[in-house]
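# Topology and contacts: notes
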There are 2 protein chains.
Amino acid sequence: MSKIKIGLFGFGVVGQGIFEVVKKAKNANAEIVKICVRNPNRPRKVEADASLFTTDAEEILSNPDINLIVEVINDADAAYNIVRSALLKGIAVVSGSKTMLARHLPELIEIQKTHHVALLYDASSCGSIPVIRNLEEYYDNDLLLEVKGILNGSSNYILSRVFDHGEDYDHALRQAQELGFAESDPSFDIEGYDSLFKLVIITVHALGTYVAPDDIFTYGISTIHDSDIRYAREKGVKIKLVAQVVKVCDEHFTMFVMPEFVSPSKYIYSVDDEYNGVVIRGECYDRQFMFGKGAGSLPTASSILSDIMARKHDYRYEYKKQSYVDKPEYTTDITLRVYIRYRETDVRGILSFTKIHEQYFSEESNYLIGDVSLSELLAKRDRLSGRDVFMANIPMFFLDRDN
Amino acid sequence: MSKIKIGLFGFGVVGQGIFEVVKKAKNANAEIVKICVRNPNRPRKVEADASLFTTDAEEILSNPDINLIVEVINDADAAYNIVRSALLKGIAVVSGSKTMLARHLPELIEIQKTHHVALLYDASSCGSIPVIRNLEEYYDNDLLLEVKGILNGSSNYILSRVFDHGEDYDHALRQAQELGFAESDPSFDIEGYDSLFKLVIITVHALGTYVAPDDIFTYGISTIHDSDIRYAREKGVKIKLVAQVVKVCDEHFTMFVMPEFVSPSKYIYSVDDEYNGVVIRGECYDRQFMFGKGAGSLPTASSILSDIMARKHDYRYEYKKQSYVDKPEYTTDITLRVYIRYRETDVRGILSFTKIHEQYFSEESNYLIGDVSLSELLAKRDRLSGRDVFMANIPMFFLDRDN
């Protein structure tokens, strides 16, 4: 591939970043030849020649000059249709759409194989941190035990403001929105779905197995309360929204997204503000920690650029781990130790705890610390997301079992 | 390549680790079929069948069954002969010998190209941290500005004991030796040569340019003194042995290895004990931080395994950046701000400072803080390594210029 001619879908924050980064990268020998947007007349920070814009996807999909499609649009359904159409036509795609990927990866992997075409998406998980590529290429062996991290910058920013700057949650959320870290509807970030979708993609490349988002326990930070923050501070820990996939034994792995009490000795304790941090743990190398900007226009765009340049050398994911022998299977049959703060909700009536370690009652709120199976949490999650319940994982028990 | 049949050179700490790791990695489909050692009867922790051993390199180099040579021997000259011979015969090689690589990379790159054969060496720099692979494949663009880090575990262990545990230097060094972090002749680690050789290799993959080790200013920690440690503590910084390659402008980059005053806000401040940490800074993604075990039997072996498995997919370094247009050139024509502590040595007579910011004289020792060109330091280094001189980089000036 001598020159990469790109059809770009989406010219929002990330799309504009890509436009700038591709111009900067003089050795990329890449050029954006067409940009498909909904509204070409919308005012944008980055100026591109009006002749580049189109509102008709076919103008890109049917252009024989275009040898790479870069897709960074927000609408997951539209993204799916574009990516699928392009791949079926044999056009390579670089995508940043985690929601779309997390939902449709099995089909998109199949199309890549049957149509001998590449779909790259390193930018979809942790922006500028090369997590997918490293899991696919470097941690490509049987030693991998765990990938765990802070995958969402918005929620981490909010929690950092609360913990390090003593701000209240609502104020921190508003600030995140003003700074552009959180969407105007922030539930995607703070309810953990953004982290969840990234975790689904990561797990495909970590352990070779796709687990549907609905089958994974996900709990966010939207119901966090001053009393939770006080409790964590008293214990000398921070509350972080953590996503993890962990091999619990040779035959099984588990995964979940939920707030966690993180002690200062952990690498992710110092991942603050809008940063992302990922710990990759393996049998012989112990822990590797990767840290960087997980979102934002230019960091995400620079990750997209790495994928664009990888296409110069015909790089594609091989999904080698999918065909590994003795692959571990997904399980939710593990026990977690959790902190649950509640007021009216009958937490003990909803969940069967195998053990209760602490209970505290007061006029203002109650909490308990107990052991409960992940499958219980998954089955009852709808009844635990009320406004008066907050839950956090206490990792010691889990780690005890693990070690 | 269906099955990887490995001829292993070296069965010391790392070689034994590789033997164990390859056995664990059931999906690698790799097997060590011959091990070349100097003395097959030397007692070793890991047991391997006696029939595997040979003392004759030709038994591996001329074995048509062997399709990969893994070389992890200490003797740089012997390593060079083995790797060169193997490559000339068209046999792929995975090497961990940083000294050999730093000295002979230009020739070995040429042989790889002319003989269409692969030489991989991710383990040679920062053990289990995939620095080389990421620089080669992911930070493969014009945005890269800087790679800076703690690349040597032994010296970092010693400095950590001194700073965090208040031990004296000699005691910390003895302890490092007892724990196996430092060689019985530790000068390779503590004089900065280990970091230097890694930096030479990293720079080839970061910016596409080979700079010979002799042309790079390298200053170690062996002359560090209580008064230096006291001074650093008073200023609230740690002294770390830091290697860096930095683009100082579009046309030029510089590189050097020397102790540095590291403030708590820097990522590498918290890289303690035997760990390595590398910061990769780029124009759009800001800073990426990678952290992990940089040395030791199994961490290094797991990195070797990643290279072994990359060979299953015929992976080789393309050294793409060597042919980039407008590549920056190496310069030592930059100004550093340094702290120099001395007693008898006439530091001001040896070095021409463009500015002196502080001077302190006492009966015990003297120090100054001044601006001096890197080319000065390089030219006069032999006269500055006396027992009574210690030098550390104060990064603010350099960064001011940079920003």
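Conventions adopted
Residues numbered from 1 in each chain as written. Chains lettered and ligands numbered in written order. Predicted model: local features only at pLDDT ≥ 70, side-chain atom pairs only at ≥ 80, totals over all residues. Heavy atoms only, no water. Helix = DSSP H or I, 4+ residues; strand = E, 2+ residues; numbered from the N terminus. Rg over C-alpha atoms; globule rule 2.2 N^0.38 Å. Buried < 20%, exposed > 50% of the residue type's maximum accessible area, 1.4 Å probe, protein only. Contact = heavy atoms within 4.5 Å. Areas by Shrake-Rupley, 256 points an atom, 1.4 Å probe, with all protein chains shown as cover. Lys, Arg positive; Asp, Glu negative; His and termini not counted. Charge placed at Lys NZ, Arg CZ, Asp CG, Glu CD. Salt bridge = Lys/Arg side-chain N within 4 Å of Asp/Glu carboxyl O. Pairing = 2+ DSSP bridges. Axes fitted to C-alpha atoms, helices over the stretch in contact; angles between N-to-C directions. 1 Å grid on protein atoms, 1.4 Å probe; cavity = no way out; pocket = protein on both sides within 12 Å on 5 of 7 lines; lining within 4 Å. Points joined across faces, edges and corners; volume = space filled by probe spheres on them. Nonpolar A, V, L, I, M, F, W, Y, C, P; charged D, E, K, R; others polar. Buried area = accessible area lost by both parts, 1.4 Å probe. Core = buried A, V, L, I, M, F, W, Y, C linked by side-chain atoms within 4.5 Å. Parallel < 35°, antiparallel > 145°, perpendicular 65-115°, else oblique. Left-handed = near helix turned anticlockwise from the far one by under 90°. Right-handed = clockwise from strand over helix to strand, strands pointing away. pLDDT = per-residue confidence, 0-100. Polar contact = N/O pair within 3.5 Å; in protein donor to acceptor, adjacent residues only side chain to side chain. Disulfide = S-S within 2.5 Å.

### Some words on the overall build of chain A
Within chain A, the regular secondary structure consists of 14 helices and 17 strands. The C-alpha radius of gyration computed for chain A amounts to 22 Å, which stays within 12% of the reference 22 Å derived for 403 residues, consistent with globular compactness. For the C-alpha atoms alone, the extent of chain A along its principal axes is close to 65 × 50 × 35 Å. Out of the 403 residues belonging to chain A, those deemed buried represent 63%. Considering only intrachain contacts with a sequence separation of at least 6, the fraction spanning at least 24 residues in chain A is 73%. Accessible surface for chain A amounts to roughly 15300 Å². Of this, 45% is attributable to carbon and sulfur atoms. Treating the 46 positive side-chain charges of chain A as one cloud and the 59 negative ones as another, the clouds have centres 3 Å apart.

### Re the pattern of salt bridges
Applying the stated criterion across every chain, the model contains 44 salt bridges over all chains. Salt-bridge contacts for A:Glu283 lead to B:Lys24; the nearest nitrogen and oxygen are separated by 2.8 Å. Remark: B:Lys24 occurs in helix H1 (residues 13–24) and A:Glu283 occurs in the loop between strand S11 (275–282) and strand S12 (286–293); the pair is interchain, linking two chains. A relative accessible area of 39% means that B:Lys24 is categorised as partly exposed. Ionic pairing is found between B:Glu364 and B:Arg230, a salt bridge with its closest N-O pair at 3.8 Å. Here B:Arg230 lies in helix H10 (residues 226–234) and B:Glu364 lies in the loop between strand S15 (355–360) and strand S16 (366–373), a separation of 134 residues in the sequence.

### Let's talk about the sheet that holds strand S1 (residues 4–9) of chain B
Residues and elements named next belong to chain B. One open sheet holds the 6 strands; their spatial order is S3-S2-S1-S4-S5-S6, and the pairing between them is parallel. The open sheet has two edge strands, strand S3 (53–54) and strand S6 (119–120), and neither has a second partner. Inspection of the sheet shows strand S2 (residues 30–36) paired to S3 by 2 bridges, in the parallel sense. Looking at S3, one finds that cysteine 36 is bridged to threonine 54.

### Description of H10(B)
Those residues of H10(B) lying buried are B:Ser227, B:Asp228, B:Ile229, B:Tyr231 and B:Ala232. Count one or two residues on from H10(B) and you reach B:Gly236, which has phi positive near 75°.

### Some points on the sheet that holds strand S3 (residues 53–54) of chain A
Residue and element names in this part refer to chain A. Strand order in the open sheet made by the 6 strands is S3-S2-S1-S4-S5-S6, with parallel pairing throughout. What marks the edges here is a single partner per strand, and that holds for S3 and strand S6 (119–120). When strand S5 (residues 92–95) meets S6, the two strands line up parallel, connected through 2 bridges. From the neighbouring strand, valine 93 faces S6, where its bridge partner is leucine 119. Together, strand S1 (4–9), strand S2 (30–36) and strand S4 (68–71) form the strand contacts of helix H1 (residues 13–24), whose direction differs from that of S2 by roughly 155°.

### Concerning empty space enclosed by the protein
The gaps left among the atoms become clear once a water-sized probe is rolled over them. For the structure on display, the rule yields 5 cavities of 30 Å³ or more. Volume-wise, the largest cavity comes out at about 130 Å³. The wall of the largest cavity is formed by 14 residues, among which A:Asn141, A:Asp142, A:Lys247, A:Tyr324 and A:Pro328 lie closest to the centre. For the lining of the largest cavity, the residue count by class is 6 nonpolar, 2 polar and 6 charged. When its volume is computed, the second largest cavity comes out at roughly 110 Å³. Lining the second largest cavity we find 15 residues, and of these B:Asp142, B:Leu207, B:Lys247, B:Tyr324 and B:Pro328 sit closest to its centre. Partitioned by chemical class, the residues of the lining of the second largest cavity number 7 nonpolar, 2 polar and 6 charged.

### Structural notes on the interface of chain B and chain A
By a widespread convention, an interface's size corresponds to the accessible area lost as its parts come together. In this complex, chain B contributes 45 residues to the contact, which on the side of chain A involves 45 residues. Interface area, chain B with chain A, both sides summed: about 3900 Å², of which 53% is carbon and sulfur. Broken down residue by residue, the surface that chain B buries against chain A is led by B:Asn27, B:Tyr138 and B:Cys284, which jointly contribute 18%. Where chain B packs against chain A, one counts 4 salt bridges.

### What to know about the nonpolar core
The biggest cluster of nonpolar side chains holds 259 residues, and the ones touching the most others in it are B:Ile35 and B:Leu377. In this view, B:Ile35 contacts B:Leu8, B:Gly10, B:Phe11, B:Phe19, B:Ala48, B:Leu52, B:Phe53, B:Thr54 and B:Ile60; residues no more than four positions away in its chain are not counted. Listed in part, the 22 residues of the second largest apolar core include A:Tyr219, A:Leu368, A:Leu377 and A:Leu384.

### A short note on the packing of helix H4 (residues 98–114) of chain B against helix H9 (residues 193–207) of chain B
Residues and elements named next belong to chain B. Contact pair H4 / H9: the axes reach a minimum separation of 7 Å and the direction vectors enclose 30°. Judged on the interaxial angle alone, H9 and H4 are roughly parallel. Read as a crossing pair, H4 and H9 show a hand that is left-handed. Taking contact as the criterion, the partners of Lys98, Thr99, Leu101, Ala102, Leu105 and Ile109 in H4 are, on H9, Asp194, Phe197, Lys198, Val200, Ile201 and Val204.

### What to know about the pairing of S5(A)
All names here are of chain A. Of the two faces of S5, the one holding Ala92 and Val94 and the one holding Val93 and Ser95 are both buried throughout. Where S4 meets S5, 4 bridges bridge the pair, whose relative direction is parallel. The residue of S5 that forms the bridge with valine 70 is valine 94. Of the crossover connections in this fold, the one passing from S4 over helix H3 (residues 76–88) to the parallel S5 is right-handed. For the handedness criterion, the β-α-β arrangement of S5, helix H4 (residues 98–114) and S6 is classed as right-handed.

### Some thoughts on the confidence of the model for chain A
Interpretation of this model should avoid reading the predicted coordinates in detail wherever pLDDT is low. Residue and element names in this part refer to chain A. Here chain A averages 92 in pLDDT, while 97% of its residues score no lower than 70. In the predicted structure, residues 397–403 sits below a pLDDT of 50 and forms 22 contacts with residues beyond four places in sequence or in another chain. Scored by ipTM, the complex comes to 0.88, with pTM at 0.93.

### Quick look at the side chain of B:Ser154
Residues and elements named next belong to chain B. Tracing the backbone through its elements, the reader meets serine 154 in helix H6 (residues 153–165). Under the relative-accessibility criterion, serine 154 is labelled buried at 5%. Within the structure, serine 154 has its side chain in polar contact with the side chain of aspartate 189 (distance 3.2 Å).

### Examining the state of the cysteines
Residue and element names in this part refer to chain A. As enumerated under the stated definition, the model contains 0 disulfides over all chains in all. Distance from the sulfur of cysteine 284, which forms no disulfide, to the nearest cysteine sulfur (cysteine 249) is 18 Å. Under the relative-accessibility criterion, cysteine 284 is labelled buried at 6%.

### Let's talk about the pairing of strand S15 (residues 355–360) of chain A
Residues and elements named next belong to chain A. For S15 and strand S16 (residues 366–373), the ladder comprises 5 bridges, and the chain directions are antiparallel. From the neighbouring strand, glutamine 359 faces S16, where its bridge partner is leucine 368. Joining the antiparallel neighbours S15 and S16 is a turn of 5 residues.

### Considerations on unusual backbone geometry
Trans peptide bonds make up most of the peptide bonds, and negative phi angles are found at most residues other than glycine. Located in the positive-phi region is A:Asp314, a residue other than glycine, with phi close to 55°. Counting through the fold element by element, A:Asp314 comes out in the loop between helix H11 (297–312) and strand S13 (329–330). You can call A:Asp314 partly exposed: its relative accessible area is 48%. Its identity is not glycine, yet B:Asn29 carries a phi of approximately 55°, on the positive side. Looking at the element boundaries, B:Asn29 is found in the loop between H1 and S2. On the basis of relative accessibility, which here comes to 36%, the residue B:Asn29 falls in the partly exposed class.

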